[in-house]
Structure formats: structure tokens, C-alpha cells
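Summary of structural features
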Amino acid sequence: MASFGEYARNLRLERRITLREFCRTTGLDPSNWSKTERGLHPAPRTKEVLNSVAEALGLGNDSEEYLTLKELAAVSHIPSELVDSNLVNRLPIFFRTIRGEKPTTRELREIVKILRES
Amino acid sequence: MTNILPPRLSWDHIRDEAEKFRQEYVRPPDKIPVPIIEIAEIDLNIRINPQPGLRHRSDVEAFLESDLRTLCIDQDLYEDPRQEKRLRFTFAHEIGHLILHRIEISQIQFAGIEEWVDFRIKMKEEDNRWFESQAYEFAGRLLVPRNQLIDKIKEKSDGIQKYRDIADDEEALKDAISKLICDDFFVSAAVIYRRINAEKIWDELSM
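The numbering scheme is per chain: residues are counted from 1 as the chain's sequence reads. Chains carry letters and ligands carry numbers; both start at the beginning, A for chains and 1 for ligands, and go up in the order they are written. Local features are withheld for residues below a pLDDT of 70 in this predicted model, meaning they are given only at 70 or higher, and side-chain atom pairs are given and counted only at 80 or more; totals for whole chains, interfaces and linings count all residues. Computation of side-chain values: all heavy atoms of the structure, hydrogens and water removed.

1. Here we look at the overall build of chain B
- Think of it this way: any DSSP run of H or I at least four residues long counts as a helix, any run of E at least two long counts as a strand, and we number them from the N terminus. Across its full length, chain B holds 12 helices and three strands.
- Taken along its principal axes, the extent of the C-alpha atoms in chain B is 65 × 35 × 35 Å.
- Categorising residues by exposure relies on relative accessible area from a 1.4 Å probe, with only protein chains included: less than 20% of the type maximum marks a residue as buried, more than 50% marks it as exposed, and the intermediate range marks it as partly exposed. Across the 207 residues that make up chain B, the buried fraction comes to 53%.
- In this description, contact between two residues means that some pair of their heavy atoms is separated by no more than 4.5 Å. The long-range fraction of contacts in chain B, counting pairs at least 24 apart against all pairs at least 6 apart in sequence, stands at 68%.
- On chain B, roughly 9900 Å² of surface is accessible, and the fraction owed to carbon and sulfur atoms is 48%.
- His is not counted, nor are the chain ends; Lys and Arg add positive charge and Asp and Glu add negative charge. Working definition for charges: the position is that of NZ of Lys, CZ of Arg, CG of Asp or CD of Glu. The distance from the centre of the 31 positive side-chain charges to the centre of the 42 negative ones in chain B is 1 Å. Where accessible areas are quoted, they stem from the Shrake-Rupley method and a 1.4 Å probe; at the residue level, only the protein chains shown are allowed to cover.

2. Quick word on the environment of A:Phe4
- Here A:Phe4 shows up in helix 1 (residues 4-14).
- When the C-alpha atoms of A:Phe4 and A:Ile17 are compared, they prove to be 17 Å apart, with 13 residues separating the residues in sequence.

3. Here's the deal with the sheet that holds strand 2 (residues 60-64) of chain B
- Here a strand pair is declared whenever DSSP counts at least two bridges between the two strands. Pairing within the open sheet is mixed, and its four strands lie in the order 1(A)-2(B)-3(B)-1(B). With one partner strand each, in any of the chains shown, strand 1 (96-97) of chain A together with strand 1 (47-51) of chain B form the two edges of the open sheet.
- Alignment of strand 2 of chain B against strand 3 (residues 70-74) of chain B, held across three bridges, turns out to be antiparallel. The residue of strand 3 of chain B that forms the bridge with B:Ala62 is B:Ile73.

Pasting the structure below:
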């Protein structure tokens, strides 16, 4: 069975709604919601947030999708092993920088920290 | 393997790749502006990972994680409507890496973080520049296709002639035209200016 994040993301993509558009509609923070969809941040627990998510996705109150979403939110948890296990596989090869130069060692270490936090 | 060399790609090859991409993902293929953010996330299934402070902390505004599935992007850039044109080009640039450098990225593996830092520090400036300029070229050709660029310039031919009647500064004219048509492609005027030069169409257009 899909996780809450996976399920919510699939519903969003099926409706061709980008993360940015979705977060503008719901008022959710895109960084946090991206983590929720990737299973790195808990599913929302409050009815208000779940309702606004459902509304942005166009789900009716009694729809099967909304009921599934609520059930998945209720059972969601974050496996602690996910937090750092794949970091090395995520390290980027190329960067789009502002000054158009290669990042320094200090900046590279910042990127590692940022990825670890994300 | 912890060393990679930029592939020898001709500009024609990059143009063909951009054209193939447009045929596959842009509906209709000659549509401008190209809805690149939507295509990246929805059609290519790339996960977007907006990060607060990425630019400020690392000078980096975006990168494709090496799993090739996630695009990490500065959150300010992602959310600020005033930076939309830059954001769109950034997406196209990173997709350029995905399309042109997928094999090179997939072949490389790191035993740990220190090996990755060492790899990036030792990467030759010239090699890095090649990789980046190829992705840059792909982005330009994707967002500003040659034919549509010519059409948009031709639409301004009356204004061009009026300007030529009173002044003789082709560079200033190119700059002015870039500013006039950049919104049609939803990219910056600087991108249009470089595309005009890259395609060498200015002299061809005997207006």
C-alpha cells in the first residue's frame, strides 16, 4: 500500500498540479510538503489541513480518495533509517551557481548539510 | 568510478535533443512559452525539493540530485513570481543535464562524502565549463526554438526598420528587440540576445 506522501503526490500529479501551485492554493510550505510527499516529514494530523489538501485536489468529502488519504495520514510514521541512508546517492555532480563558478569546499559542505536536512 | 569527462557533443546534436524533447513533451510541440516547470514535475516525474537558504548558504540555486529523480532548488527562487523567468531557465538547464549527461552522472559513484568533495574540487574548470555550456545550450534551444525566434523578430520588422532609419547601432537594436520579445518566450532578454547570436540569424534576416 502506498504511503500518505506517495498517495497524495500521485493524486496531485494525476490532476497535473505542480508542487508550487498546490502550495499556493493550500498555503502549505513547499519545502515541508515536498518532504511529506517524499516520506521524510509526517502527514498532517489536523482536520483543517487535510481538508484544504482535499479541496486543492478536488476531492469530495465522501470520496474514496479522501477517505484513503485520511486513513493513510492516521497511520503514517517516518522510518528513522530513511533520514541519512541515501545521502551519498543524492550528492549532485553539477550545480547551477549564481556567480557561475565552481562551489568552494565550504560551499560543498553546506550542500551536504542542506541535503541532510532535506 | 570517480572521474568523468564531458561528452563531445556537437551543437547540432544538442539542437536535435532539444527538438526531440519538445516533440515528446510539449503539446503542441511549437508552443511557447514552453511549460517547463509542469513538464519537469508532472511528465518527467522529477521530485521538487525546495530548500530555504540554498543560494545564501552555498551560492548554488539548483542541482539535480545524482539519483536523477530529484531537483533541489532554492526556495526563494521557486516561490518568488518576480524570478519566474530565471526559474524556468534553471529548470530547463537542469533537464539539459538529465538529457545530455545522464550516462556520465549514472556511472559515477562515491564511497562517501569526502570522496565527493574531493571529486568536485579536483574537477577541471574546463570540463565543468563544457558540461555547463552544453546544458545551457540545451535550455536555450528548448525554451527559444529557432523558428519561433525568427517569427517573433520578423513581427517587429516595421519597428526595426524605423530604428535603422534613425540610428546605426545593430547591437543596441538586438538588445531592444530582445527586450520586446522575451515575454513571448517567458525568458530574460539576456537569453534572447544570446539566442539571436547563437543562431546567427541577425544577418540572415534581411529586414
